[in-house]
Amino acid sequence: MFDPVKFIDESVELIKKQAVGKAIIACSGGVDSSVAAVLAGRALGDNLLAVFVDTGLMRKDEPEEVEKMFRDSGIELRRVNASHEYFEALRGVTDPEEKRKAIGEKFIRIFEREAKAFGAKYLVQGTIAPDWMESGAEGHTKIKSHHNVGGLPEDMNMILVEPVRNLYKEEVRQVARELGIKSSERQPFPGPGLAVRCLAEVTPKNIGIVREACHIVEDETAKAAEKGKLKLPWQYFAVLLPARSVGVGKSGRSYGMTVVIRAVESADGMTATHSDIPLSVLNKISKRITDTLKDDVGRVVYDLTDKPPATVEWE
Ligand code: XMP
C-alpha cells in the first residue's frame with residue numbers, strides 16, 4: 001500500500017541528489033505542482049524559486065487565488081503575467097496537438113527566462129503518471145501531448161526534476177493531505193487551461209466566454225452538491241464549441257455558439273464515466289449560461305460520453 005509519509009521522506013532525499021544547485025518550480029496552484037513545490041522547498045530551501053505563469057487561460061479569479069494560497073502557506077511566488085504572449089502564440093492555431101505544443105513551448109521559454117535570471121539549471125515540475133503515459137512516453141500509445149511532457153520543445157536547456165512522476169492523482173492527494181496543502185481536494189485543471197476547452201478560435205473574447213461558462217458550471221454544481229442534490233463530480237466544467245445554431249433571442253433570431261457541460265467520475269483520469277447530474281440541475285446551469293452569455297451562446301448540451309472512447313477534455 002502507498003505510504004505518503006515514507007514517500008515524502010524519500011522524495012526529499014531524492015530531490016537533494018537530483019538537483020545540486022538552484023532550481024525553479026513551475027507552479028499552477030493545482031495539487032500536483034503544489035506537492036512538487038513543497039517537496040522541492042524542503043529539499044532545496046532558498047535554492048528554489050517558485051514561478052507561477054498567468055497564461056490568461058485560467059479560470060475566473062484563479063491567478064489571485066493561487067497567489068493567496070501560496071502566500072498563506074509561506075511560499076514566495078513569482079507571478080509572470082504572460083497572457084498576451086500566449087494569445088499571440090495561439091493565434092490561428094486550431095489543431096489540438098499544435099495548440100498543446102505551442103503552449104508547452106511557451107511555458108518552457110518563460111521558465112528558461114526565469115531560470116536564467118535566478119541562475120537555475122533545474123526545472124521542477126508536477127508531472128504525474130497519466131501525463132507521461134498519455135503523452136506516449138515509455139512505449140505507451142499517444143493520446144494527447146500533455147503540456148508538461150509531450151508539449152516540451154526538444155531544445156530546452158534545463159534539467160527536469162519530477163518528484164511525483166510515478167504517482168496517480170489519488171496518491172498525490174494523499175501526499176497533499178499529509179503536507180497540509182490547501183488544494184488537495186481541488187478538481188483537476190489541465191495545464192493548457194481553457195485553451196483546450198475552447199474549440200472556437202482562442203481569442204481573449206472566446207476564452208472569456210468559456211471562462212464564464214466554466215464558472216457557472218462549477219458554481220451551480222457546488223451549490224447543488226451543498227443542497228444534497230448530487231455528489232460533487234471528480235471533474236466538472238464547460239467547453240465552448242464554434243458550432244452555431246438558430247435560436248429565438250429577445251430581439252428576434254439568434255445564431256449563437258454551443259456550450260457543452262462536461263462532468264465525470266474517475267479515480268486517476270485514465271478512464272472516466274459521465275456523471276449522473278440531475279436534469280433539473282443541468283437545466284438550471286443551461287438557463288444561467290444562456291442568460292449570462294446571451295449575445296454569444298445559443299445552446300447548451302450535456303456530454304454523456306465515457307473515457308474511453310472519449311477523453312475527459314475535448315482536445
Ligand atoms: P484527458 O482529457 O486526457 O484528461 O482524458 C485526463 C485528466 O488530465 C487532465 N489533463 C491535463 N493535465 N496537463 C495537465 O496537467 C495537460 O496537458 C492535461 N490534459 C488533460 C484533464 O483535465 C483530466 O483531469
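Given the structure is predicted, the values throughout are model-derived calculations rather than measurements.

Peer 1: If you had to explain empty space enclosed by the protein to someone new, which residues and values would you point to?
Peer 2: Evaluated as defined, the whole model comprises one cavity of 30 Å³ or more. Considering only enclosed or pocket space, the largest cavity measures out at about 890 Å³ in volume. Where the lining of the largest cavity is concerned, the elements lending two or more residues are strand 1 (23–27), helix 2 (31–44), strand 2 (48–54), helix 5 (96–118) and helix 6 (129–134). It is helix 5 that provides the largest number of residues to the lining of the largest cavity, a total of five residues. Residues of the lining of the largest cavity, tallied by class, amount to 18 nonpolar, 17 polar and 11 charged.

Peer 1: I'd like to hear about the site of the ligand, residue by residue, with values.
Peer 2: Not every one of the 16 residues close to the ligand is listed here, only the nearest: Glu134, Lys144, Gln235, Lys307 and Glu313. Glu134 is positioned with one of its side-chain polar atoms (N or O) 2.5 Å from an oxygen atom of the ligand. Note that an oxygen atom of the ligand is positioned 2.7 Å from one of the side-chain N or O atoms of Gln235. For the ligand, the protein covers 92% of the area, taking 490 Å² as the surface of the free molecule.

Peer 1: Can you break down the side chain of Glu134 residue by residue, with the values?
Peer 2: Here Glu134 lies in helix 6. You can call Glu134 buried: its relative accessible area is 9%. Once you skip the residues sitting within four places of it in the chain, Glu134 turns out to touch Thr141, Lys142, Ile143, Lys144, His146, Gly269, Met270 and Lys307.

Peer 1: If you had to explain the nonpolar core to someone new, which residues and values would you point to?
Peer 2: Residues Ile24, Leu57, Phe111, Leu240 and Ile289 are the most contacted members of the largest nonpolar core, which totals 62 residues. Among residues more than four places away in sequence, those in contact with Phe111 are Ile24, Ala26, Val51, Val53, Leu123 and Met158. Phe7, Val35, Leu39 and Leu77 belong to the second largest nonpolar core, which has 36 residues in total.

Peer 1: Please give an account of the sheet that holds strand 4 (residues 122–124) that cites residues and values.
Peer 2: Pairing is parallel in the open sheet, where five strands are placed in the order 3-2-1-4-5. Of all strands in the sheet, those bounded by a partner on one side alone are strand 3 (77–81) and strand 5 (159–161). Adjacent strand axes in the sheet meet at a mean angle of 30°, parallel and antiparallel pairs treated alike. Where strand 1 meets strand 2, five bridges bridge the pair, whose relative direction is parallel. From the neighbouring strand, Ile25 faces strand 2, where its bridge partner is Ala50. Contacting strand 1, strand 2 and strand 3, helix 3 (residues 62–72) crosses the sheet at an angle of about 165° to strand 3.

Peer 1: For the pattern of salt bridges, give the residues involved together with the corresponding values.
Peer 2: In this structure the tally under the stated criterion is 35 salt bridges. Between Glu185 and Arg177 there is a salt bridge, with its nearest N and O atoms 2.8 Å apart. Overlapping salt bridges, with partners in common, bring together Asp219, Glu220, Lys223, Lys284 and Arg288 in one network.

Peer 1: Lay out the environment of Ala50 in plain terms, naming residues and giving numbers.
Peer 2: Mapped onto the fold, Ala50 is located in strand 2. Ala50 sits 213 residues away from Ala263 along the chain, and the two C-alpha atoms are 31 Å apart. The residues contacting Ala50, other than those within four sequence positions of it, are Ile25, Cys27, Ile75, Glu76, Leu77 and Arg78.

Thresholds, definitions, all that
Numbers given for residues are sequential positions, taken from 1 along each chain in its written order. Where local features are concerned, this predicted model is filtered to residues with pLDDT of at least 70; where side-chain atom pairs are given and counted, the filter is 80 or more; whole-chain, interface and lining totals use all residues. Values shown for side chains rest on all heavy atoms present in the structure; no hydrogens or waters enter the calculation. Using only the protein atoms, space was sampled on a 1 Å grid; points where a 1.4 Å probe fits but cannot get out form cavities, open sets with protein on both sides within 12 Å along at least five of seven lines form pockets, and lining residues are those with an atom within 4 Å of a point. Grid points are joined across faces, edges and corners, and a volume is the space filled by probe spheres set on the points. A helix here means a DSSP run of H or I that spans at least four residues, while a strand means a run of E at least two residues long, and both kinds are numbered starting from the N terminus. Side-chain classes are defined by residue name, with Ala, Val, Leu, Ile, Met, Phe, Trp, Tyr, Cys and Pro counting as nonpolar, Asp, Glu, Lys and Arg as charged, and the others, Gly among them, as polar. Here, proximity means that at least one heavy atom of the residue falls within 4 Å of the molecule or strand. Polar contacts here mean pairs of N or O atoms no more than 3.5 Å apart (in protein, one a potential hydrogen donor and the other a potential acceptor; neighbouring residues in sequence count only if both atoms are side-chain atoms). Residue burial considers only the protein chains on display, and all accessible areas are found by Shrake-Rupley using a 1.4 Å probe. Accessible area is worked out with a 1.4 Å probe on protein chains only. A residue is then buried under 20% of its type maximum, exposed over 50%, and partly exposed in between. Residue contacts follow a heavy-atom distance rule, with two residues in contact if any of their heavy atoms lie within 4.5 Å. Put simply, a nonpolar core is a bunch of buried Ala, Val, Leu, Ile, Met, Phe, Trp, Tyr and Cys residues held in one set by side-chain atoms that sit within 4.5 Å of each other. Each pair of strands is called paired provided DSSP finds at least two bridges between the two strands. The convention used is that axes are lines fitted to C-alpha atoms, helices contributing only their stretch in contact, and that angles between N-to-C directions extend from 0 to 180 degrees. Think of a salt bridge as a Lys or Arg side-chain nitrogen and an Asp or Glu carboxyl oxygen that are within 4 Å of each other.

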